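Residue-level structural notes
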Amino acid sequence: MGNNYRMVAKTLFGFEDILAQELRNLGAIDIENGVRSVSFWGDKGFMYKANLCLRTALKIVKPVQSFKVRNEKELYDKMYAIPWENLMSVHETLAVDAVVHSDAFNHSLYVALKTKDAIVDRFRNIRGKRPDVDLKHPDLRISVHIQKDTCTVSLDSSGASLHHRGYRTATNIAPINEVLAAGMLLLSGWNGQSDFLDPMCGSGTIPVEAAMIACNIPANINRKEFAFEKWSDFDADLFEKVTDSSLNKTREFYHKIYAYDKAPSAVRKAKDNIRNANLAEYITLEQEDFFATEKNTEGKLHMVFNPPYGERLSNTDMERFYSSIGDTLKQGYPGTDAWLITSNLEALKYVGLRPSRKIKLFNGRLESKLVKYEMYEGSKKGKWM
C-alpha cells in the first residue's frame, strides 16, 4: 500500500456508519466499522485531511503496536520494548491518555502512569536523560487502549478532541457537543437542500454545523492547532496544500438557515459564535419564542433542535413544554421534517405526535433519542399517536 498506514477515527455511539461514509467520501480505503470507532488506511496527507474535514470524528489516532497484556509487569515490559526514540526525541514533551475495559486493569490513570514510566525509563537508559511530561501541550500525545487483554498503543494526531472546532467561545448551560450536532444533522439527511430552522438554538452550534455542511466547509477550519503539527515528520507545505484543496471544494448555498432562541443571552452568544465561524451571511438569527411562531418559508423546511432538559427544565414544566412542541409543529409548521434530541424519553409521550424515526444516541453520558416528526401539508398536519 505504499505510504499508506492504518488509522482509527474515534466517534460517538451511533455515528459509526455516517463516519464510515464521510471517510469514503474523502477517499479512505479499507474502511472497517468498530464500536465508537472506524478504522481505515491512508497516507500522511489523508491524516491531515481527516482531521481537518471529518465532522463526526472525535480523534484520529495512528496505531503503533498491539499486544496482549495480563498484568502490570507485562504492560511495563512491552511498553518499554517499543522503540520510542524513533517516535520522539528526548527534548520533546509527552502525555499519555488511557482508556481501559479490562478485569486485569481497572484504573486508566494507573495504566497511563505505567506507560509513561516505561517510556522515560527507556530514554534514560538509552540516551542518559528523559523527556518531560506536558499534559496540556505535549509534542507527542500517546493513546493507550486496553480491551480485555489486548493493548493498543497509538499516536494521537488530533490533540484536543475534534469537537473543539475553534468557533465556539460562548456557551449556555448544557451546550450540545459540535460532533453530536453534526452527526444529528447528517443522520437527519441534511445536506443544504432546503431552508433550515433550529427553533431553540442556544449558543448556535446546530445552525453553525448546518451551514458548514450546506456549504461543504471543512469542519475544523477554525481550529487553532492539531497534535500532528508538533510531530517531527510534520510537512507544513503538504498541510497547506490539503487545506487549500479542501477549501476549494466548498459550494454555494441557495436557501436560508434560521436560528431562534427566546433568551437574549443565548442570542448574544449565538451571534458571537456565528461571527467567529464566519457564517453570518448564511444564518438569520432572531430572538423568538418558538411557541409563538409559525413557518415563514415556502416549500420544505428542515428542522433540527435540542430542547432544554435536565438542569434547564424542571419536571413540572416538562409535560406542558413538550406538548407545546407538538402543538406548535401541528398548527404552525406544515411541510416540515422536524428532528429533535432528548434524553427525557418520558417527555416524548407529551408531544402528541407519532415519530416516523427513532435513533438511539448519547448526549454526554445520557442515553437519548433522536426522533423525527413529519408534518404534512394540508389536512395530514401531524398524525396522532
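Criteria and thresholds
- Residues numbered from 1 in each chain as written.
- Predicted model: local features only at pLDDT ≥ 70, side-chain atom pairs only at ≥ 80, totals over all residues.
- Heavy atoms only, no water.
- Helix = DSSP H or I, 4+ residues; strand = E, 2+ residues; numbered from the N terminus.
- Rg over C-alpha atoms; globule rule 2.2 N^0.38 Å.
- Buried < 20%, exposed > 50% of the residue type's maximum accessible area, 1.4 Å probe, protein only.
- Contact = heavy atoms within 4.5 Å.
- Lys, Arg positive; Asp, Glu negative; His and termini not counted.
- Charge placed at Lys NZ, Arg CZ, Asp CG, Glu CD.
- Pairing = 2+ DSSP bridges.
- Axes fitted to C-alpha atoms, helices over the stretch in contact; angles between N-to-C directions.
- 1 Å grid on protein atoms, 1.4 Å probe; cavity = no way out; pocket = protein on both sides within 12 Å on 5 of 7 lines; lining within 4 Å.
- Points joined across faces, edges and corners; volume = space filled by probe spheres on them.
- Nonpolar A, V, L, I, M, F, W, Y, C, P; charged D, E, K, R; others polar.
- Parallel < 35°, antiparallel > 145°, perpendicular 65-115°, else oblique.
- Left-handed = near helix turned anticlockwise from the far one by under 90°.
- Salt bridge = Lys/Arg side-chain N within 4 Å of Asp/Glu carboxyl O.

1. Quick word on the overall build of the protein chain
Across its full length, the protein chain carries nine helices and 14 strands. Here the protein chain has a C-alpha radius of gyration of 23 Å; the compact-globule value for 385 residues is 21 Å, and the two agree. Overall, the C-alpha framework of the protein chain stretches about 75 × 45 × 40 Å when taken along its three principal axes. Considering the protein chain as a whole, with its 385 residues, one finds that 53% of them fall into the buried category. Nonlocal contacts in the protein chain, meaning residues at least 24 apart in sequence, comprise 77% of its contacts between residues at least 6 apart. The averaged location of the 49 negative side-chain charges in the protein chain is 3 Å from the averaged location of its 53 positive side-chain charges.

2. Structural notes on the sheet that holds strand β8 (residues 195-198)
In space, the seven strands of this open sheet follow the order β10-β9-β8-β11-β12-β14-β13, with mixed pairing throughout. Lying at the two open borders of the sheet, with one neighbouring strand each, are β10 (283-287) and β13 (357-363). For this sheet the average axis-to-axis angle between neighbouring strands, irrespective of direction, equals 20°. Bridging between β8 and strand β9 (residues 257-261) involves three bridges; their strand directions are parallel. When the sheet's bridge partners are listed, Phe196 is paired in β9 with Ile257. Where helix α8 (residues 264-276) meets the sheet, it contacts β9 and β10, and its direction lies at approximately 165° from that of β10.

3. What to know about empty space enclosed by the protein
Per the counting criterion, the structure on display carries two cavities of 30 Å³ or more. The wall of the second largest cavity is formed by Leu197, Tyr258, Tyr260, Glu294, Lys295, Asn296, Thr297, Leu301 and Tyr333. Looking at side-chain class alone, the lining of the second largest cavity contains five nonpolar, two polar and two charged residues.

4. Brief notes about the packing of helix α3 (residues 72-81) against helix α4 (residues 108-127)
Across the interface, α3 lies against α4 with an axial gap of 8 Å and an inter-helix angle of 45°. As far as their axial angle goes, α4 and α3 are oblique. As α3 runs across α4, the sense of the crossing is right-handed. On α4, the residues that touch Glu72, Leu75, Tyr76, Met79, Tyr80 and Ala81 of α3 are Tyr110, Val111, Lys114, Thr115, Asp117, Ala118, Asp121, Arg122 and Asn125. Partitioning the contact of α3 with α4 into residue classes produces eight nonpolar, two polar and five charged.

5. As for the pattern of salt bridges
In total, this model carries 19 salt bridges according to the counting rule given. The residue Glu85 makes a salt bridge to Arg122 at a minimum N-O spacing of 2.8 Å. Taken together, the residues Glu85 in the loop between α3 and β5 (94-101) and Arg122 in helix α4 connect sequence positions 37 residues apart. Between Lys372 and Glu374 there is a salt bridge; the shortest N-O distance is 3.9 Å. Beyond isolated ion pairs, a larger network of salt bridges with shared partners links Lys300, Asp337, Lys372 and Glu374.

6. Quick look at the environment of Leu155
Looking at where Leu155 falls in the secondary structure, it is placed in strand β7 (residues 150-156). Exposure remark for Leu155: the relative accessible area of 6% places this residue in the buried category. If we skip the residues at most four places from it in the chain, Leu155 touches Ile60, Val61, Lys62, Val64, Leu87, Leu140, Arg141, Ile142 and Trp231.

7. Structural notes on helix α6 (residues 205-214)
With 10 of 10 residues buried, α6 lies mostly within the body of the structure. Looking only at α6, the buried set comprises Thr205, Ile206, Pro207, Val208, Glu209, Ala210, Ala211, Met212, Ile213 and Ala214. Contacts made by the buried residues of α6 are with α5 (178-187), β8, β9, α8, β10 and β11 (301-305). Once α6 finishes, Asn216 follows within two positions and takes phi at roughly 55°, a positive value.

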